[in-house]
Every structure is written in structure tokens, then in C-alpha cells.
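Examining the three-dimensional arrangement
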Amino acid sequence: MIGKLNHVGVATPSIDESVKMYRELLGATSVTDKWAMPEQGVWVCFVNLPNSQIELIEPYGETSPIHGFLAKNPKGGQHHICFEVENIYEARDALVAKGATVLGEPRIGAHGTLIIFVHPKDMGGLLVELMETPKDAHH
Ligand SMILES: CC[C@@H](C(=O)O)C(=O)SCCNC(=O)CCNC(=O)[C@H](O)C(C)(C)COP(=O)(O)OP(=O)(O)OC[C@H]1O[C@@H](n2cnc3c(N)ncnc32)[C@H](O)[C@@H]1OP(=O)(O)O
Ligand SMILES: [Co+2]
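Everything numeric in this text was worked out from a predicted model, so none of it was measured.

With that settled, consider the overall build of the protein chain. Secondary structure summary: the protein chain contains 3 helices and 8 strands in total. What you see in the protein chain, going N to C, is helices and strands ordered as β-α-β-β-β-α-β-α-β-β-β. Taken over the C-alpha trace, the protein chain has a radius of gyration of 15 Å; the compact-globule value for 139 residues is 14 Å, and the two agree within 12%. Considered along the principal axes of its C-alpha atoms, the protein chain spans approximately 45 × 35 × 25 Å. Taking all 139 residues of the protein chain together, 45% fall into the buried category. Long-range contacts, defined as pairs at least 24 residues apart, comprise 52% of the intrachain contacts of the protein chain with a sequence gap of at least 6. Total accessible area on the protein chain is roughly 8000 Å²; 56% of this is exposed by carbon and sulfur atoms. Counting 11 positive and 17 negative side-chain charges, the protein chain places the centres of these two groups 5 Å from one another.

Let us look at the packing of aromatic side chains. Across all of its chains, the model carries 2 aromatic pairs by this definition. For Lys34, the ring lying beneath its charged end belongs to Trp43, and the centroid distance is 5.4 Å.

Cut-offs and rules
Residues numbered from 1 in each chain as written. Chains lettered and ligands numbered in written order. Predicted model: local features only at pLDDT ≥ 70, side-chain atom pairs only at ≥ 80, totals over all residues. Heavy atoms only, no water. Helix = DSSP H or I, 4+ residues; strand = E, 2+ residues; numbered from the N terminus. Rg over C-alpha atoms; globule rule 2.2 N^0.38 Å. Buried < 20%, exposed > 50% of the residue type's maximum accessible area, 1.4 Å probe, protein only. Contact = heavy atoms within 4.5 Å. Areas by Shrake-Rupley, 256 points an atom, 1.4 Å probe, with all protein chains shown as cover. Lys, Arg positive; Asp, Glu negative; His and termini not counted. Charge placed at Lys NZ, Arg CZ, Asp CG, Glu CD. Phe/Tyr/Trp six-rings, centres within 6.5 Å; stacked < 30°, edge-to-face > 60°. Lys NZ or Arg CZ within 6 Å of the ring centre and 35° of its normal.

In C-alpha cells form, the structure reads like this:
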């Protein structure tokens, strides 16, 4: 089931401040604009790396799923890791059959494909996102 590492999700109280940090401290040169994903409750922006992406997420709205994380980690930090899968429904059903807690229904993520989340209690304390590989992805 598990495929390529797609991105590492990093929660931040300010995407603008984080982008400044990645540019100034680490010399990041390829950074997308930020945009809102109201249905996911986050603002999002990508720092592009040669082999992956850092996904910066900032809360959007009162019910953002990352408010709790930022309350515990006010400066932000590593929030989730995302692996690609071929078929999100097959992945979801396989996980549920093994007793894992899948959070919510598959929904469209920042790459335009379906995503799900596996609760950190089932993944050794790590929140795992699975996303369907974009059809135009180069391998
Ligand atoms: C940009 C769009 C999209 C993409 O395309 O890539 C995204 O990535 S969106 C990213 C944001 N969305 C989500 O995270 C959705 C799924 N997450 C959730 O449903 C919730 O965040 C959660 C995982 C259920 C946690 O909810 P919360 O209310 O914050 O916490 P609880 O009080 O229920 O915590 C239970 C337990 O889990 C620990 N926890 C919380 N967040 C994390 C985390 N990111 N990584 C590891 N552990 C986490 C929390 O500390 C609690 O632990 P205990 O106190 O030991 O019980
Ligand atoms: Co993500």
C-alpha cells in the first residue's frame, strides 16, 4: 500500500513568518503562494525540495483541526507525514479492516487528489496522511 513520501506537514501560527525562515535560514528558492482550503480548515503553502515538499499549514477558521496542535505547540512543529497510495478507498478499507481509526471520509487535498488521515494512536504517535498519487505525476 505505502508509496512515495509526498510531503511533510508543518503547522505554523504564521505561514508568512515560516516562509521567511525557510528562505533566509535554509535558502529555499521555490515556494508557492499560500491559499485557503476552508473545507480542510487550513491555509497552505509548499516549500518545494528536489525530492519532496514541506507543506506549511496555518489555521483557517474557528474549527480548524490544527488549533489543538498549536495550543500544545505554540511555535508550531512537524504535524503530519504524507505517503502516496494508488487507491484511497482500497487503502481506507484495508486500514479499517486492520482496526485502524481513519479520520473522516476521503476528501480532496492540496494536490487535487483524495486524502485520508490515520489517527496518531495507531501510528506510534505520528499523524499519517495518505493521498492518491496524482495521475500526471512523473516517476
Ligand atoms: C493542506 C490540506 C491537506 C493536504 O492536502 O495535505 C492537509 O494536510 S490538512 C492537515 C490538517 N488536517 C488534519 O490534520 C485532519 C486530521 N486531523 C484530525 O482530525 C485532528 O487533528 C486529530 C489528529 C484527530 C487531533 O485532533 P485534536 O483535537 O488536536 O487532538 P485530540 O485532543 O483529539 O488528540 C488526541 C491525541 O492525539 C495527539 N495529536 C493531536 N495532533 C497530533 C499530531 N498532529 N501528531 C501527533 N499526535 C497528535 C494529541 O496530542 C492527543 O494525544 P494524547 O494527549 O496523548 O491523547
Ligand atoms: Co498534508
